[in-house]
Amino acid sequence: MKIYITGTKRGLGKSLESIYGNANSLESSDIFINCKHDSFTQVEMLFKAAELNKRIINIGSNSPDLVVNDANNYQIEKFALEKANEQLFYLGINTTIVRFGPFDSPRIAHKKQKKMSIDYCCSVIKWILEQPHRIKDITVCP
């Protein structure tokens, strides 16, 4: 099982890479973990992986649900990822979006709120990979 993971410079992506390694490219992998947030690139990568018929796990966010009156690009981009995941799932693609609440990563290290550990988030990804059936989405919050 070869896994291609984006966003491996820090945080969750780095931890996942230390567990699973990282394939050289999306094309050479069996599974794609879409972890790097970079504008709408996650959505573009999701569609590319779907075209290649990869097993896909998207790292989303539950932030679009939290701050309804304060829209920002991050929330909109993650919401687009969620909707693209849903569309492809119902078209038969084996794609899952994990909508994590706050977890202990460099991106939100300055925030004083309850956070999940990166190890716990990795265990959620492991659990999804072990399931015999497709999972469309899952939300996990502290």
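Visitor: Pulling in residues and values, what's your account of the packing of helix H1 (residues 11-20) against helix H5 (residues 118-130)?
Guide: At their nearest, the axes of H1 and H5 sit 10 Å apart, and the two run at 55° to each other. Overall, the two elements H1 and H5 adopt an arrangement that is oblique. Crossing of H1 over H5 shows right-handed handedness. On H5, the residues touching Gly11, Leu12, Ser15, Leu16, Ile19 and Tyr20 of H1 are Ile118, Cys121, Cys122, Ile125, Lys126 and Leu129. Taken together, the residues of the contact of H1 with H5 break down into nine nonpolar, two polar and one charged.

Visitor: I'd like a rundown of the packing of helix H2 (residues 41-51) against helix H4 (residues 73-90), residues and numbers included.
Guide: Closest axis-to-axis distance for the H2/H4 pair is 9 Å, and the angle between their directions is 15°. Judged by the inter-axis angle, H2 sits roughly parallel to H4. Judged by the sense of rotation from one axis to the other, the crossing of H2 with H4 is right-handed. Each of Gln42, Val43, Leu46, Phe47 and Ala50 in H2 lies in contact with H4, whose residues at this interface are Glu77, Lys78, Ala80, Leu81, Ala84, Asn85, Gln87 and Leu88. Here the residues of the contact of H2 with H4 are counted per class, giving eight nonpolar, three polar and two charged.

Visitor: So what about the sheet that holds strand E1 (residues 3-5)? Which residues, and what values?
Guide: Two modes of strand pairing occur in sheets, parallel and antiparallel, and in both the strands are linked by backbone hydrogen bonds. Strand order across the open sheet formed by five strands is E1-E2-E3-E4-E5, with parallel pairing between neighbours. Edge positions in the sheet fall to E1 and strand E5 (137-140), since each has one partner strand and no second. Shown here is a sheet whose adjacent strand axes are inclined to one another by a mean of 15°, direction ignored. Where strand E4 (residues 95-100) lies against E5, four bridges are found, and the strand directions are parallel. Residue pairing across strands places Val98 opposite Ile138, the latter belonging to E5. Across the sheet, H5 lies against E1, strand E2 (31-34), strand E3 (55-61), E4 and E5, angled at about 160° from E4, the strand it touches most.

Reading guide: rules and limits
Residues numbered from 1 in each chain as written. Predicted model: local features only at pLDDT ≥ 70, side-chain atom pairs only at ≥ 80, totals over all residues. Heavy atoms only, no water. Axes fitted to C-alpha atoms, helices over the stretch in contact; angles between N-to-C directions. Helix = DSSP H or I, 4+ residues; strand = E, 2+ residues; numbered from the N terminus. Parallel < 35°, antiparallel > 145°, perpendicular 65-115°, else oblique. Left-handed = near helix turned anticlockwise from the far one by under 90°. Contact = heavy atoms within 4.5 Å. Nonpolar A, V, L, I, M, F, W, Y, C, P; charged D, E, K, R; others polar. Pairing = 2+ DSSP bridges.

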